[in-house]
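These are the residues of each chain, in order.
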Amino acid sequence: MTQPSSQPNRLANNGRIDRSRPLRFQFNGTSYQGYAGDTLASALLANGVDVVNRSFKYARVRGIVAAGAEEPNAILQLGRSEAEQVPNVRATQQALYDGLVATSTSGWPKVDGDVMGVVGKMGGRFMPAGFYYKTFMSPAAMWPKYEKAIRKAAGLGRAPRESDPDIYDHINRHCDVLVIGAGPAGLAAALAAGRSGARVILCDEQEEMGGSLLDTRESIDGQPAAAWVERVLAELAGVADVLLLPRTTANGYHDHNFVTLHERRTEHLADSAPLLNGRRQVRARMHKVRAGQVILATGTHERPLVYANNDVPGNMVAGAISTYIRRYAVVPGKRLVLSTSNDHAYRAALDWHDTGREVVAIVDAREKPDGDLVTEARSRGIRIITGSAVIETRGAKRVTGALVASIDIAGFKVSGRVEELACDTVGSSGGYSPVVHLAAHTGARPEWRDDILGFVPGKVKGQVVAGGVNGKMSLAEALADGLEAASNALMANGLEAQGGTLPKVRTVREGKAAALFDVPHLKPTMRAPKQFVDLQNDVTTAGIALATREGFESIEHVKRYTALGFGTDQGKLGNINGMAVAARCLGQTIPETGTTVFRPNYTPITFGAIAGRHCRELFDPRRYTALHAWHVKHGAKFEEVGQWMRPWYFPKGNESMHEAVQRECRAVRESVGVLDASTLGKIEIQGKDAREFLGRLYSNPWAKLDVGKCRYGLMCKDDGMVMDDGVTACLGENHFHMTTTTGGAAGVLEWLELWHQTEWPELEVYFNSTTDHWVAMAINGPNARKLLAELTDMDLSNENFKFMDWREGTVAGVPARVFRISFTGELSYEINVQANYAMHVWEALFEKGEKYGLTPYGTETMHVLRAEKGFIIVGQDTDGSVTPEDLGMQWCVGYKKPFSWIGRRALTRPDTKREDRKQMVGLKPLDSRLVLEEGAQIVLEKELKLPMPMAGHVTSSYFSPVLGHGFALALLKGGNQRMGQTVYLPMADGKVHAAEVVSPVFYDPKGDRQNV
Amino acid sequence: MQHYSGFELVKHGLSHHENWQRVWRNPEPRSQYDIIIVGGGGHGLATAYYLAKEHGITNVAVVEKGWLGGGNTARNTTIVRSNYLWDEAAWLYEHAMKLWEGLSQDLNYNVMFSQRGVMNLGHTLQDMRDINRRVNANRLNGIDGEVLDVKQIQEIVPLMDCSRNTRYPVLGASWQPRAGVARHDAVAWGFARAADALGVHLLQRTEVTGIRTSGGKVLGVETSRGFIGAKTVGVVTAGNSGVLAKMAGIRLPIESHPLQALVSEPMKPVLDTVVMSNHVHGYISQSDKGDLVIGAGIDGYNGYGQRGSYPTIEHTLQAIVELFPAFSRVRMNRQWGGIVDTTPDACPIISATPVGGLFFNCGWGTGGFKATPGSGNVFAATLANGKAHPLAAPFSIDRFISGKLIDEHGAAGVAH
Amino acid sequence: MLHIYCPHCEEYREEEEFRPKGEAHIARPQNPEETSDEEWGDYLFFRKNPRGAHHEQWYHAAGCRKFFNVTRDTVSYEILETYKVGELPTIDDTSRRAAK
C-alpha cells in the first residue's frame, strides 16, 4: 500500500469540517486522510487526487466536476467485504467515514493507466453517436461474438455476489406541508409553516441542512448565513409537529401528493449498518408521505459551459469550487481560470482569491458585465476578459492551460485572437437550471422561461414552488418566496400563516446573464476536439450534431440516439446544454425543441430500500392451519397452495413420495385416512334472499335444498367458463355455509359482494368469511363411521345421516358440524370444529383411530383419490377456457332454472356450442406401469412430424394402487366422441406414449362406496 | 439508402462524419395515398416496410402525432420470445421470431437482437404443470423450448437464490434459448429508415383528429395538417386505439392500462439471460450497457398517463430482491410507464372493422414489442389483400362475439 | 399512488386498500337469453376506455368491503368525484368542458 499523502489542497482555517476528527480512507489502494464533515469527493480533492474514473465509451480520464447530486464522473465502488460492496456511489454525496474503501468503477488495469484509453483515443473517431446500429451486422453469425466484447465494457460498478447483511424499513407518514429542500426558501417556508401549527416535514438530501447557505458569501441579519440556519433548525427542532429529515432525498413524486423520502440512516457511518445495543440498525428508511401540500424548494443546478476537452480533470462547475472552498476548506487547484456567462459565478473567483491562490483570469462571455460581484473582482485587480470564453482546455491528466478567445454568440463563431492561459483549474458557468425533476415525475411538463434561461416546474395540484426552482435566484428573493409559499400552502390546508418575518439581507445587484450553452471553437463542431455535453455517457456536441444531421430531430430522438441524459445523473448537468445544442443545429429555440422530462428516481435508490422488509417470510404472508404443528411433528412434506402450506404427503421412514402416497391411498380405500381440509374457503351466507342468490351464482338449482342437506355447486363467470366449485350446506332456511377452493376463497367472497352490491342490491343477503374460524378434518374410508362413532353422540346410521347430509353435535366433546360429503368416493365425514379445539379433536381421532390404522394423508393422495373418481380440481383440470359442459357436468347445469344464472347465456354462443370443444376424458396408458406427464400434449397421429396439430393435454395424472395402473384426466378435442380410441403423447425425450380414451370416472362408477 | 457497415464507418470517420445522410425524409403530405397507417410506432413502421417490400405498395403514409417509435416501442423491457401456449398465439409470435432472426441484415440496421434465452420460473406444482404443458405444446409446434430443473437454472443464473429459503422456492423453469432481447429504439429506426428508402412517407408531428367515412367506407383521415385521403386505413396505435376507434364510431374490447418498468444503474455483467416469474411478478435482464432492466405488472386501473402506482414498483423490487438477494444494494436509476392496450384474452386484435377499408391492429397488451416484425408483416398482408393473413385470421374482433377466445390468461402464457 | 375517498367510510384512504374493478354502470341485461350474441359480447367485453373522465368501479377490499364508483381523469389521474353504487355521476367530459 502506498503511504498516505498530506492534504495539499486543504486550507488551514474555516470550512465546516472538524479538523479534530481525522478519518482514514483508501482510494484505489492508496491510503489517505480526511476529516469528519468531508464528503469522499472533498477528501479526494483535498489530497490532490485528479483522476477518479475512466469514461464509459472513450475511456478518457475524468475528475470530479461538481459537489452534489449532479456529479457525473465520480461514481465509485465502496465496501471492504464482498457482501458489503456498494456499487456506483456518487463521491460528492458520500460522507467520509473512518476506514472507507473506495475504488474506481472503470479503468483497466488501473484508472490512470488504462489500456482501453488507448483504444478510445484511436477508435473514438470511428465511434460516433449510434455507431453500433451501423455495424457488427455481417456476417450475421458474428454478432453474438461482437456482443460479448461489447458487454465486457458494460457497466460502472459491480453488484455484490453475496446477500445484503443490512435491513431497510418503511414508514407511512401524513403531513399538512412537506417541504423538500432546506436551503433559504425551504427553511423560510418550514419555519413559517411550523410556527403556524401545521404538521410539517422538512427533508434535505445533504448531510447538513442549509443548502446554498452553507457556502454563501452573503450574510443574514448581519451574521453569517450559517448562523441563521442553526437558529432556524434549533427552533424547528423544538416544535412538536415538525419532523426534520436530513440525509433524506425526495426521490419520487407520485400522484395525489404522495412522495417517497429516502433517508440514509447509516451510510455516513460504515459500509453496513453498525450495531446499536447489540442490534443491527436500519441502513435506510423509506418514508412514504401523503402530503396536504408539497413545497418544492429544490433550488438550482449550475450548468457548465461546453467547450473542447472540457472533460480533462481540473474542469469544474464554478459553484462547486465555492462549495469546496467555503464548506470543506479545500481549494481544488492552484491557478484558476473562470469562464462564465453570468455574475453569480464570480463568487468562485472571489472565494478562490480569498484563499490566497491565483485567479489567472475571469473570462466573461458578455461585452460589459457590471454587477456588484464584477465590481468587487475588478477592485481586487483580477483580470477580466470580456466578450470571451474558454474554447478549449489543454492537458492530459490535469488541466495545464486554457485557450481563451473572443466569441460571437449570435453568429456562433470565434471572433478574435486565441490566447492560451496557463492554469490547472477551469471553472465554468452557463447559468442555473431550476431542479424541476420532482414536479416532472407527476407528468407535469416543465415550462421554459427566457428571463432566467431555464425551465421551471409545470403546475401540479397541491404543489407550491419556492426559491431558485421558481426562478427566484437571489437570497432575498428566495427567502421571501419561501415565506409566500408557506402562506399559500397553509391556506390550502385551511390554516393561517403566523409569525412569519423576513430576515434582513443585503441585496447583491447582478447583471443580465448571456444565453451561452456550448462555446464555438475555431474548428466546426464535427472537427473540433471533443466537446462533452453529457460526461457520464460521453455525449458530445458532435454526436448531437450528427443525430440532427441524420434526421433525429425530436429531442427524444436525439436523447435516445446519443444516450444524452440516460446516465445515473439523469443529465442533471447535460440535459439543457444538450437541448441547446440540438436547438442550434436545428435552427430552433429551446422551447421549440422540446422540454425536458425526468422520471423517478431523483437520485438512484437501492432496491433494498424500496423493497423494505417485504422479502422472505414477509414477501407474502404464509398461512398455516391450526394443525400445522402436528403435521410438522409427523414429518409432513408441504405444498404451497395459494398462501397456504398444506401437507403434501407424510413419508414414513425412508419412504419415497411414491411409496408414501400409495400407502396413504390404500389406507383410505381399505380402512380410514384423514385429511386436514381446513384451507378450503368458507363463507357464511345469510338473509331471506340467500337461496335465490345462490341460485343466480351457481350453475345448478338451489331452490329445493332442505335444511340439513349439502350440495355441490359450480360457479361460472358470465362468459360461461368455470371459475370455482365447492359444497354448500343449508344450515337454516335463510342460512348457508359455502365452501370454495383453497386458492379461490378471497376471490369468491369478492365475487359474491360484487354481484350483490352492484347488480342485485334488492336481495337481502349477507356474506362473511369464516375460513379461519373452522378447521375441517375429512375422515375417509370404510371404517370412517366406526371411528367417528367412538367420538360422537350423533346418530351416524345411513338412514338418519345420509350421504350429502350434515349434522350438528359434539365430536370428542366439542361442538362440531359434520358434513357427510366425499371427495374420495369413500364413506366420508368432514368434521368442522372451532379452530382452537381442532388439535384436541385431531389427536382424539388418532387415539381412537389407531386400531383402524388411521392414516394422515396429504394433498397428493387427495389428488389421486379424487382423480380416480373423475372429480376435478378447478385451476388444474380447468384453465379459464372450460365450461361445465366441457367437463361433462351437465348434471350440474340448471337448464330449467327461471333466472338466467351467471354463465348460462354464454353457453349458447356459437363457440361454446361447438361439438369439437375440448372435453374432459380419462386416459389409460397402454403401458400399465406408465404415469403420463401432467402437461403432456395429445396428438391423434402416432408418427411424429413437427409441427403437428395437438388435440388436448393431460391435466392430472397418477398411479392408482387400487386400479394397479397409471391413469390420467385430460381435456381432449371432441373427447366425448373418442371413447375407446387410442391417442398419442410425444415426449421431450423422443418417446411417444399411447393411451386409450376412457371415461374420467375410473373407480366405483356407480358411487356405491360413499353411500353405505 | 446509404449502406451501413464497419467499412463505411471507418470511411466516414476519416471525413469527420460530415457526410452521413438523413435516415428518413420529412415529406409534405400528399392529398391521397393508397394506404395510410395511423401510428408510427414499431408495428406501424414495420407494416409500412412490409407493404413496400413484400407487396410493392409504396404510396403509403405513416401518420404519427409525435415522434417515430415514441410510444410503447420506446417504453418496454425489450424481451422477444415465442413460447406461447395456444397454437394461434404461438404461430404468430414464432412468425415474428423468424423475422427477428434476420432483421438486422434485412434492414441493414443493427437492432442488436440478442438471443440470450428466456427463462420462465415455476414456483408451485401448478406452475410446473403449466410449464410442462406449454413447453410440450411449443415443441410440437416446432418452437424451441425445454424444462429446466433447479440445478440447470442455477448453472445459467448463478446469482439467483434457488434455495428452499425463499418464500416461494424455485421448482423449475421453462427455457427458450432462441428468445432474448433487442435494442428497442433501433427497431423503430431501422424499419423507418428502410420504409422511407422504399418510398413510404413518414409524417411526424401529424395528429389524426378524425376518420372520414362515407357510405360505411373509409375515405381518409383528418389530421393536424389537413385531410389526407386513402381507401385503406390501418390503425396501429396501441394504448390510444380506443381514442381512434371512437373517431370511427366503433367500440373495442380493450382497456388501456399503465405498465411500469425500471432500470438499475449500469453494473458489470452478472446476468446473461432473461429471467421471468409470473408467480412472484417480476422479470429481469441485463442490457449491453449494464443496466438491469426490470418489468412490473400491469396497474389495475385504466390510465393514459404513462405512469402507474408506486406499490406496483415496490412489489416488483421485492420480487427481484427475493430472487436475487445480492441485488439489494444495487440502485434503481429510473422508472417509467407505458400505456398497454389489454384485451380480455391477452391476445391482439388484427381485424377488419364494420367500416369498409378500416383495419385495426391493437390489443397487444404486454406482448407488443416481441411481435413487432410479425405484426407488421401479417398486417401488411391483411391491408394489401383486404382480407386477413392466415396467421392473423384467428385474431379477428369477432371472437369476442362468438366466444372463440385465445385465452393466454388461462395457463401462464401471459406476461410480457 | 392514488388517494381515494371512500363514500362509505367517508375518509380518504390509500390506493393499496382498494382494488380497481373497471368501467362502472355496465348493467347486466335484464333478459340475457333474449340478447343477441353481439349484445352479449358487448356486455361482456367491449368497453368505453376513454381518454379523460372515466366512470369506474372500485372495491374497498381492505376496508369496508363496499363497491363504489369513481369519476377519474385517465390522463391526469385526478379523482373528480366518488359516489355510491346506484347513484349517478355528476361529472363527465362534457360537463368539464362546460365548466371551463
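Remember, predicted model here, so these are calculated numbers, not experimental data.

Enquirer: So what's going on with the interface of chain B and chain C? Residues and values would help.
Expert: Bring the parts together and some accessible area is lost; that lost area is often taken as the interface size. Contacts between the two partners involve 28 residues from chain B, matched on the other side by 25 residues from chain C. With both sides pooled, the region where chain B packs onto chain C buries about 2,200 Å², and carbon together with sulfur makes up 54% of that total. Contact with chain C buries area across many residues of chain B, yet B:Arg251, B:Tyr304 and B:Ile401 alone supply 30% of it, more than any other trio. Remark: the boundary between chain B and chain C carries 13 residue pairs in polar contact (both at pLDDT 80 or more). Of all the secondary-structure elements, those providing two or more residues to the side of chain B that touches chain C are α8 (241–247), β13 (255–264), α9 (310–323) and α11 (399–402) of chain B. When grouped by side-chain class, the residues that make up the side of chain B that touches chain C number 14 nonpolar, nine polar and five charged.

Enquirer: Outline the domain arrangement of chain A, supporting the account with residue identities and numerical values.
Expert: Segmentation of chain A into domains returns domain 1 (18–153), domain 2 (170–300 + 434–492), domain 3 (304–430), domain 4 (524–621) and domain 5 (914–1011). Relative placement of domain 2 of chain A and domain 5 of chain A: their C-alpha centres are 67 Å apart.

Enquirer: Which residues make up the nonpolar core, and what values go with them?
Expert: If you look at the biggest cluster of nonpolar residues, it comprises 150 residues, and the most contacted ones within it are A:Leu40, A:Tyr324 and B:Trp100. Ranked by residue count, the leading element in this core is helix α7 (residues 184–197) of chain B, at eight residues. Filtering out sequence-adjacent residues up to four positions away, A:Leu40 remains in contact with A:Phe25, A:Leu76, A:Leu78, A:Ala91, A:Gln94, A:Ala95, A:Leu96, A:Leu100 and A:Ala102. A:Trp755, B:Ile36, B:Ala230 and B:Ile349 belong to the second-largest nonpolar core, a separate cluster that totals 61 residues.

Enquirer: Talk me through the packing of aromatic side chains; I want residue IDs and the actual numbers.
Expert: Counting across every chain of the model gives 51 aromatic pairs over all chains. Their ring planes at 40° and their centres at 5.9 Å tell us that A:Tyr712 and A:Trp891 sit as a pair that is tilted. Taken together, the residues span a long stretch of sequence, with A:Tyr712 in strand β40 (residues 710–716) and A:Trp891 in the loop between α22 (859–868) and α23 (910–913) at a distance of 179 residues. With relative accessibility at 61%, the residue A:Trp891 sits in the exposed group. Between C:Phe18 and C:Phe68, the aromatic rings sit 5.7 Å apart at their centres with planes inclined by 80°, giving edge-to-face as the arrangement. One end of the pair, C:Phe18, is in the loop between β2 (11–14) and β3 (19–23); the other, C:Phe68, is in strand β5 (residues 67–73), and 50 residues separate them in sequence. With respect to burial, C:Phe18 and C:Phe68 carry one shared label: buried.

Enquirer: Now, about the sheet that holds β3(C): what can you tell me, with residues and values included?
Expert: Overall, antiparallel pairing links the four strands, which are arranged β3-β4-β5-β6 (chain C) in an open sheet. The two strands at the open ends of the sheet, each matched to only one other strand, are β3 and β6 (79–84) of chain C. For this sheet, the mean inter-axis angle between neighbouring strands, taken without regard to orientation, is 30°. Inspection of the sheet shows strand β4 (residues 53–59) of chain C paired to β5(C) by seven bridges, in the antiparallel sense. Counted as the bridge partner of C:Ala53 is C:Asp73 from β5(C). Across the sheet, helix α19 (residues 745–759) of chain A touches β3, β4 and β5 of chain C, and the angle it forms with β5(C) is around 80°.

Enquirer: How would you sum up the interface of chain A and chain B? Please name residues and give values.
Expert: Taken together, the contacts link 122 residues of chain A with 106 residues of chain B. Summed over both partners, the interface of chain A with chain B buries about 10,200 Å², with 53% contributed by carbon and sulfur atoms. Applying the counting rule to chain A against chain B returns 15 salt bridges. Where A:Glu147 meets B:Arg116, a salt bridge forms, and the shortest distance between an N and an O atom there is 2.9 Å. At the junction of chain A with chain B, the criterion picks out 76 residue pairs in polar contact (both at pLDDT 80 or more). Here the side of chain A that touches chain B is composed, by residue class, of 50 nonpolar, 36 polar and 36 charged. Here two bridges tie strand β35 (residues 605–606) of chain A to strand β17 (residues 331–342) of chain B, and the two strands are oriented antiparallel to one another.

Enquirer: Can you lay out the UniProt feature "domain: GCVT N-terminal" (unreviewed entry) in chain A for me, pointing to particular residues and giving the numbers?
Expert: On the UniProt side, "domain: GCVT N-terminal" (unreviewed entry) is annotated at positions that read residues 627–897 of chain A here. Between the first and last C-alpha atoms of residues 627–897 of chain A the distance is 41 Å; the span itself is 26% helix and 29% strand.

Enquirer: Quick rundown of unusual backbone geometry? Include the residues and the values.
Expert: With an omega of -10°, the peptide bond between A:Ser138 and A:Pro139 qualifies as cis. With an omega of -10°, the peptide bond running from A:Leu946 to A:Pro947 counts as cis. Relative to the helices and strands, A:Pro947 resides in the loop between β50 (937–938) and β51 (952–960). Non-glycine residue A:Gln570 carries a positive phi angle of around 45°. Within the element layout of this structure, A:Gln570 appears in the loop between α12 (555–562) and α13 (575–586). Even without a glycine there, the phi angle at C:Arg65 is positive, about 60°. Looking at where C:Arg65 falls in the secondary structure, it is placed in the loop between β4 and β5.

Enquirer: So what's going on with empty space enclosed by the protein? Which residues, and what values?
Expert: According to the stated counting rule, one finds ten cavities of 30 Å³ or more in the structure shown. Estimates place the volume of the largest cavity at around 220 Å³. Lining of the largest cavity is provided by 15 residues; of these, A:Gln93, A:Arg264, A:Glu267, A:Pro604 and B:Arg331 occupy positions nearest its centre. For the lining of the largest cavity, the elements supplying multiple residues, two or more each, are β6 (86–90), β16 (258–264) and β35 of chain A. In terms of residue count, β6(A) provides more of the lining of the largest cavity than any other element does, three residues in total. Its residues assigned to classes, the lining of the largest cavity comprises three nonpolar, seven polar and five charged.

Enquirer: Hey, could you go over the environment of B:Asp127 for me, with residue numbers and the actual values?
Expert: All names here are of chain B. Following the sequence through the fold, Asp-127 ends up in helix α5 (residues 125–140). Apart from residues no more than four positions distant in its own chain, Asp-127 is found in contact with Gly-122 and His-279. Polar side-chain contacts of Asp-127 include one of 2.8 Å to the backbone nitrogen of His-123.

Enquirer: I'd love a proper account of the UniProt feature "domain: Aminomethyltransferase C-terminal" (unreviewed entry) in chain A, names of residues and values included.
Expert: Taken from the UniProt record, the annotation "domain: Aminomethyltransferase C-terminal" (unreviewed entry) applies to residues 918–1004 of chain A. Overall, residues 918–1004 of chain A shows 0% helix and 46% strand. The separation of its end C-alpha atoms is 25 Å.

Enquirer: Account for the sheet that holds strand β5 (residues 75–78) of chain A, naming residues and giving values.
Expert: All names here are of chain A. With mixed pairing, the five strands of this open sheet are ordered in space as β2-β1-β7-β5-β6. Either end of the sheet is taken by a strand with one partner, and the two such strands are β2 (30–36) and β6. Across the sheet, the mean angle from the axis of one strand to that of its neighbour is 40°, orientation sign disregarded. Two elements, β5 and strand β7 (residues 100–104), share three bridges in a ladder whose sense is antiparallel. For Leu-78, the partnering residue across the bridge sits in β7 and is Ala-102.

Enquirer: Break down the packing of helix α3 (residues 87–100) of chain B against helix α10 (residues 368–385) of chain B for me, with residues and values.
Expert: Residue and element names in this part refer to chain B. At their nearest, the axes of α3 and α10 sit 7 Å apart, and the two run at 95° to each other. Taken together, the axis directions place α3 and α10 in an arrangement best described as roughly perpendicular. Within the contact between the two elements, α3 uses Leu-92, Tyr-93, His-95, Ala-96, Leu-99 and Trp-100 and α10 uses Phe-369, Lys-370, Ala-371, Thr-372, Pro-373, Gly-374, Asn-377 and Val-378. When its residues are assigned to classes, the contact of α3 with α10 shows nine nonpolar, four polar and one charged.

Enquirer: Go over the pattern of salt bridges with me, naming the residues and quoting the values.
Expert: Residue and element names in this part refer to chain A. Evaluation of the coordinates by the stated rule reveals 101 salt bridges over all chains. A salt bridge links Glu-82 to Arg-158; the shortest N-O distance between them is 3.0 Å. You can see Glu-82 sitting in the loop between β5 and β6 and its partner Arg-158 sitting in the loop between α3 (143–152) and β10 (167–180), a full 76 residues away along the chain. Relative accessible area serves as the criterion here: at 24%, Glu-82 is assigned to the partly exposed category.

Enquirer: Would you mind going over the side chain of A:His170 in detail, with residue names and values included?
Expert: Tracing the backbone through its elements, the reader meets A:His170 in strand β10. Here the side chain of A:His170 touches A:Ala609 through a polar contact of 3.1 Å, landing on its backbone oxygen.

Enquirer: Residues and numbers for the pairing of strand β19 (residues 358–362) of chain B, please.
Expert: Residue and element names in this part refer to chain B. Of all five residues in β19, five are buried; the element is thus mostly enclosed. Relative to β19, strand β18 (residues 349–352) runs antiparallel, the two sharing four bridges. Across the sheet, the residue bridging to Ile-350 is Asn-361, located in β19. What sits between β18 and β19 in their antiparallel hairpin is a turn of five residues, with Gly-357 showing a positive phi close to 85°.

Rules used in this analysis
Residues numbered from 1 in each chain as written. Chains lettered and ligands numbered in written order. Predicted model: local features only at pLDDT ≥ 70, side-chain atom pairs only at ≥ 80, totals over all residues. Heavy atoms only, no water. Contact = heavy atoms within 4.5 Å. Buried area = accessible area lost by both parts, 1.4 Å probe. Polar contact = N/O pair within 3.5 Å; in protein donor to acceptor, adjacent residues only side chain to side chain. Helix = DSSP H or I, 4+ residues; strand = E, 2+ residues; numbered from the N terminus. Nonpolar A, V, L, I, M, F, W, Y, C, P; charged D, E, K, R; others polar. Domains from an automatic or database assignment. Core = buried A, V, L, I, M, F, W, Y, C linked by side-chain atoms within 4.5 Å. Buried < 20%, exposed > 50% of the residue type's maximum accessible area, 1.4 Å probe, protein only. Phe/Tyr/Trp six-rings, centres within 6.5 Å; stacked < 30°, edge-to-face > 60°. Pairing = 2+ DSSP bridges. Axes fitted to C-alpha atoms, helices over the stretch in contact; angles between N-to-C directions. Salt bridge = Lys/Arg side-chain N within 4 Å of Asp/Glu carboxyl O. UniProt positions renumbered as here; feature names shortened; annotations may be inferred. 1 Å grid on protein atoms, 1.4 Å probe; cavity = no way out; pocket = protein on both sides within 12 Å on 5 of 7 lines; lining within 4 Å. Points joined across faces, edges and corners; volume = space filled by probe spheres on them. Parallel < 35°, antiparallel > 145°, perpendicular 65-115°, else oblique.

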